[in-house]
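Per-entry structural report
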Amino acid sequence: MRPFLSLPWKILTLTLGALLLMTVVLTSFSLVKMEQDFHLQQNKQLELRQQQFNHLNLLLENQLRSWIESFTDMVQLRAQNDFSTFATELAEHYDAISLHLNVESMWLLDAKLQPLYASVAEIPKPVLTVARQVLALQQPQSATFCRLQCTKLVMVPVQNASGELAVVAISTTLLDVLASLKQGVGSEVAIVRIESAEQSPLFNFKLLSLSNPELMRPVFAQLSEALSLQQAIKRGIDVELNQQQYLISLLPLLTQDEGFYLAMVDDISKFAKAKQQYQQQIIWFACFSFFLLAIIIYISTLRLSRRLLNLAAQLPLLAQRQFRQFRQQSSHAPLIFQDEVDVLTQSAHQLSVELEHLHQQIELNTQELENIAMFDLLTGLPNRNMLQFQLKKSLAALERQQGALSVLFLDLDDFKKINDSKGHAAGDQLLVEAASRLRGCIRSADIACRFGGDEFVLVLTQSNELNYPYQVADRIFEAFKQPISLGNQLFYISTSIGISMTEDPDAVPDELIRQADMAMYEAKEQGGNNALLYDQQMYQRLAQRLVLEREIKDAISLQQFSLSLQPQIELATGRLAGFEALLRWQHPERGIVTPDEFIGILENSPQMIELGYWVFKRSFFLAKELINKGYPDIRIAINLSAEQFLDPQLPVLLAQWLEDLNLSAAHFELELTERTLVKNIDATLTAMRALKAQGFYFAIDDFGTGYSSLSYLKQMPVDIIKIDKSFVFGMLENDADYQIIVSTIAMVQKLELKVVAEGVENRAQLQLLRQHRCDYAQGYYFARPLNDVQLQEFLTDKVPNGYLMLG
Ligand code: C2E
Ligand code: CA
Ligand code: CA
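Residues numbered from 1 in each chain as written. Chains lettered and ligands numbered in written order. Predicted model: local features only at pLDDT ≥ 70, side-chain atom pairs only at ≥ 80, totals over all residues. Heavy atoms only, no water.

Focus on the coordination of the calcium ion (ligand 3)
Only Asp 701 (OD), Asp 702 (OD), Glu 758 (OE) and Glu 758 (OE) from the protein reach the calcium ion (ligand 3) as donors, at distances of 2.0 to 2.7 Å. Sequence spacing among the residues donating to the calcium ion (ligand 3) works out to D-D-x55-E. Here the calcium ion (ligand 3) and the calcium ion (ligand 2) are spaced 4.0 Å apart, linked through Asp 701, which binds each one. Placement of Asp 701 in strand β23 (residues 697–703) and of Glu 758 in strand β25 (residues 754–758) is noted, with a sequence separation of 57 residues between them. Grouping residues by exposure puts Asp 701 and Glu 758 together as buried. (Donors = N, O, S within 2.8 Å, 3.2 Å for Na, K, Ca; no water. Helix = DSSP H or I, 4+ residues; strand = E, 2+ residues; numbered from the N terminus. Buried < 20%, exposed > 50% of the residue type's maximum accessible area, 1.4 Å probe, protein only.)

A closer look at the coordination of the calcium ion (ligand 2)
At this site the calcium ion (ligand 2) is bound by Glu 580 (OE), Asn 639 (OD1), Glu 671 (OE) and Asp 701 (OD), with donor distances of 2.1 to 2.3 Å. Expressed as a motif, the donor residue spacing for the calcium ion (ligand 2) is E-x58-N-x31-E-x29-D. Residue class for Glu 580 comes out buried when judged on its relative accessible area of 4%.

Here we look at the pairing of strand β10 (residues 260–267)
Within β10, 7 of the 8 residues are buried, leaving the element largely enclosed by the surrounding structure. Bridge count between strand β6 (residues 188–194) and β10: 6 bridges; the pairing is antiparallel. By the bridge assignment, Ala 190 is partnered in β10 with Ala 263. Relative to β10, strand β9 (residues 244–252) is paired through 7 bridges, and the arrangement is antiparallel. The partner of Leu 250 across the bridge, within β10, is Ala 263. (Pairing = 2+ DSSP bridges.)

Here we look at helix α15 (residues 509–525)
A rise of 1.5 Å per residue sets the reference length of α15, with its 17 residues, at 24 Å; its end C-alpha atoms lie 24 Å apart and thus fit the reference within 8%. Once α15 ends, the next one or two residues include Gly 527, with phi positive near 115 degrees. (Expected span 1.5 Å × (residues − 1).)

Topic: the packing of aromatic side chains
Enumeration over the complete set of coordinates arrives at 15 aromatic pairs. Ring geometry for Phe 290 against Phe 291: centres 5.5 Å apart, planes inclined by 80 degrees, an arrangement best described as edge-to-face. Measuring from ring centre to ring centre gives 6.5 Å for Phe 668 and Phe 696, while their planes differ by 50 degrees; the resulting arrangement is tilted. With Phe 668 in strand β22 (residues 668–673) and Phe 696 in the loop between α22 (681–694) and β23, this residue pair connects regions lying 28 residues apart in the sequence. The two residues Phe 668 and Phe 696 agree in class, both being buried. Three or more aromatic residues joined by ring pairs make a cluster, and in this case those are Phe 561, Trp 585, Phe 598 and Trp 614. Over the ring of Trp 585 we find Arg 590, and its NZ or CZ is 5.8 Å from the ring centre. Between Arg 635 and the ring centre of Tyr 697, over which it is positioned, the NZ or CZ distance is 3.9 Å. (Phe/Tyr/Trp six-rings, centres within 6.5 Å; stacked < 30°, edge-to-face > 60°. Lys NZ or Arg CZ within 6 Å of the ring centre and 35° of its normal.)

Description of the sheet that holds strand β8 (residues 237–241)
Paired through their backbone hydrogen bonds, the strands of a sheet run either parallel or antiparallel. Here 5 strands make up an open sheet; going across it, the order is β7-β6-β10-β9-β8 and the pairing antiparallel. Looking at strand neighbours, the two that pair on one side only are β7 (205–210) and β8, the edges of this open sheet. Each strand axis lies, on average, 35 degrees off the axis of its neighbour in the sheet, ignoring direction. On top of the sheet, helix α1 (residues 7–75) reaches β9 and β10; it is set at about 50 degrees to β9, its chief contact. (Axes fitted to C-alpha atoms, helices over the stretch in contact; angles between N-to-C directions. Contact = heavy atoms within 4.5 Å.)

Concerning the site of ligand 1
Neighbouring ligand 1 are 25 residues, the closest being Gln 566, Arg 584, Asp 701, Glu 761 and Tyr 780. The side chain of Glu 580 places a nitrogen or oxygen atom 3.1 Å from an oxygen atom of ligand 1. In the model, an oxygen atom of ligand 1 is placed 2.8 Å from a nitrogen or oxygen of the Tyr 780 main chain. Here ligand 1 has 800 Å² of accessible area as a free molecule, and 88% of this is covered by the chains. Elements with a minimum of two residues in the shell around ligand 1: β19 (575–587), β23 and α24 (725–730). Per element, the largest residue contribution to the shell around ligand 1 is 4 residues, and it comes from β19. Across the shell around ligand 1, the residue classes tally to 10 nonpolar, 6 polar and 9 charged. (Near = heavy atom within 4 Å. Polar contact = N/O pair within 3.5 Å; in protein donor to acceptor, adjacent residues only side chain to side chain. Areas by Shrake-Rupley, 256 points an atom, 1.4 Å probe, with all protein chains shown as cover. Nonpolar A, V, L, I, M, F, W, Y, C, P; charged D, E, K, R; others polar.)

If you want it as structure tokens, here you go:
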């Protein structure tokens, strides 16, 4: 992440940068301007001094010239023929002039520049040069020349009566002029000889005359050699001595460049100080304004930054869904004018309002979804999801408290039939009523859920009584004893209940439910309206059943099933009355599998129904074959499972197939066990009547093993009673069995029904049955169940003319 730099600091840095640049530029501009002004001032002063110097020079010249002229007049040179008198007079007056006018030397030169008079013998070269000019121009001339000292030359041409020309030359020291200049301008003055080229550094100078040697010598000693002569002439030289500031200005003394300069030294300490002070003031002012502005900017942006930071700090409240708090803590009334931050805050507020609204909407929807997800819409009971959740919770509670938890899996018996026959609205009504009854059977700590369809699961939390689940089951059975009224009809509904129990907090909820489900299944298998506790074998049975169901499905398509026919003999005549069709399974690994090994397990499965229809078709086919072979009265007994018998499709399909084969139903006897009969009496009767109307016969199989009584059978369209083989097996040794057989035969005949004894294995049994006028018999004594090949042999060998020949 990049380092954080606050907005005020950013603005401050930027503005201060700009400000600093501006201040520096302005300040340096004014400082430079000040410096320029200062130099301009100096130059002006220098000019003034030059003028003054020139003026003083002129004054001196004029003085000397007017003296010469007045002297010439006084001596009356113009009246004289030569210059001798004039020369004498000059000599005489020389001392006075020298004293009075500070003259150094004086010469009178003739036209050939020969001295007519000379105060000093030597005539310097410049004197002769200027004299020549004077003679040539016949006009006064003046000049300055310097050697060891600087001298002012003034020359005036004079003429005598004979018209001859001569030149009066007076040299005077410049010291006077310097003194006057000093007085006039107030500067210390000096004549300096500087021997250096204009551009080269200033060095090797010589002071010739000085107005104040004590001051000027040390001042000149400070001269920096770094400075060039040109610069020095142009701008002067600043020198610092004893904390005083001096300015040396140089004026070229001679027109020809001979290195002689008039130097003026001014004490500019005061001025320099003032200038320095002024400069400092400017800098101070700039700094002060700079810092003042910085503070103002910082303070003004600080507020802005605080507001922005405050808003930023409050924004996470939106994520925490504290919308109101966000609005309270981030609201800020603008001072006078609104700014961008206010607009931003307003937008954030608006956003928070919209988010709050959205959040509320989401919560509402979630609640709704949760309700849908956790509760059954029809019964209002918790649903599967809730069951999982509650079961987990209850299991976890086992860790803290001892006790057992039980799960009751409950299924309404025959709900599907009501639903199919009375419609879904009635089914729903029934479920609602069932749910409310269930709720009434449990404690508040227990949970009743709708598991799906007509299945309910109860979770009985912690109970130290192992009996408690059974108590609840009993209460449920009791509650369902009361009929449920749907519209104007009353329905009796029973339930099957499976129970699983655990004391283990780590038990898996799904496993518990599955176990209870299995136990319920078993309870239903056992006829319903009872409760069973899960045990290990249930699981094994179920597993076996699943394997079997799968195998049977394949077996039908692979044509592994066949029917064996076992003959039934009319005892009075020995006539072959018919056959019982018995199912055989040619299993690829196990060989022939008898129906007892799979039919019990397959009960209540769709496979059983499918197989049952196969049996019908095959039986019809075999009957057709037998009739065609010359047994026109043949009758085949077919075993039916309960669910097959109650299948509403049954009469329709049978009628269809009979018609297809052009067969009469009178060739068929439908064997029902007592258990099938009692399972659902109403439905059974309806189905029986329908099939009876088609022409089928009915036989009660395994008679004596169930709870039916003969009087009970009176109401049913039954034709034949089959005495169970267990009684036949025991009839010779066991008197009770014998009595049952005898009384059954007697009673059946009284009811004008026919009776069949099955399991006849020997002659003694046969004789006794014959003796008691049993109508028909079936058993290994006559024949075992016969496959197609065996049947053919049996018919040709043993029943040549329709009557059995017993060897
Ligand atoms: P079930 O209806 O009582 O059939 C008679 C059973 O007794 C047959 O056994 C038969 O082989 C056997 N049996 C006949 N005579 C004697 C005998 O003298 N001594 C002995 N010990 N047994 C004899 P199976 O074929 O194994 O059939 C067993 C049961 O399977 C049948 O009992 C019947 O309830 C059921 N079953 C057979 N075929 C079908 C079918 O197609 N559909 C249905 N739903 N059940 C069938
Ligand atoms: Ca049978
Ligand atoms: Ca039987």
